[in-house]
Amino acid sequence: QVQLEESGGDLVQPGESLRLSCVASGAIGGLVVMGWYRQGPGAQRELVASIYKNNDHSNIADSVKGRFTISRDNSWTTVYLEMNNLKPEDTAVYYCYSKNWHGTDYWGQGTQVTVSV
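Model, not experiment: these values are computed from the prediction. (Residues numbered from 1 in each chain as written. Predicted model: local features only at pLDDT ≥ 70, side-chain atom pairs only at ≥ 80, totals over all residues. Heavy atoms only, no water.)

Novice: Would you mind going over the side chain of Arg67 in detail, with residue names and values included?
Specialist: Positionally, Arg67 belongs in the loop between strand E6 (58-60) and strand E7 (68-72). Classification of Arg67 by relative accessible area gives buried; the value is 9%. A distance of 3.2 Å separates the side chain of Arg67 from the backbone oxygen of Ser63, its partner in a polar contact. Sequence-distant contacts of Arg67, defined by excluding residues within four places in its chain, comprise Glu82, Met83, Asn84, Asn85, Leu86, Lys87 and Asp90. (Helix = DSSP H or I, 4+ residues; strand = E, 2+ residues; numbered from the N terminus. Buried < 20%, exposed > 50% of the residue type's maximum accessible area, 1.4 Å probe, protein only. Polar contact = N/O pair within 3.5 Å; in protein donor to acceptor, adjacent residues only side chain to side chain. Contact = heavy atoms within 4.5 Å.)

Structure below.
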């Protein structure tokens, strides 16, 4: 089992920045990818960014490209989502996720990001 715990969500104004963190614990040795999804009000959950353990390749959604960056620490226990120039449409619950080599998905509880004047 893998446990994921997010932190860093907050209420901010448009144009401001936030950094989300996700700490993984448990059977993290088998993880192959970690990343972030988000779900806005009345919307489906969508992939925001992911990073692969074998080659450090990262994917960023077009809607946030140029504003959001995903990174991780050297031990692969923490993944970050740096969010700059936040917009009201970025308001959502942000979920950390990971997948192991068996194809099992793990999810965090989510952290709320609200962008509003």
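Novice: Account for the pairing of strand E11 (residues 111-115), with residues named and values stated.
Specialist: Side chains of E11 alternate between two faces, with Thr111, Val113 and Val115 buried and Gln112 and Thr114 left unburied. Where strand E2 (residues 11-12) and E11 come together, 2 bridges link them in parallel fashion. Along E11, the bridge assignment pairs Leu11 with Thr114. Bridge count for strand E9 (residues 92-100) against E11 is 3 bridges, and the pairing is antiparallel. By the bridge assignment, Ala92 is partnered in E11 with Val113. (Pairing = 2+ DSSP bridges.)

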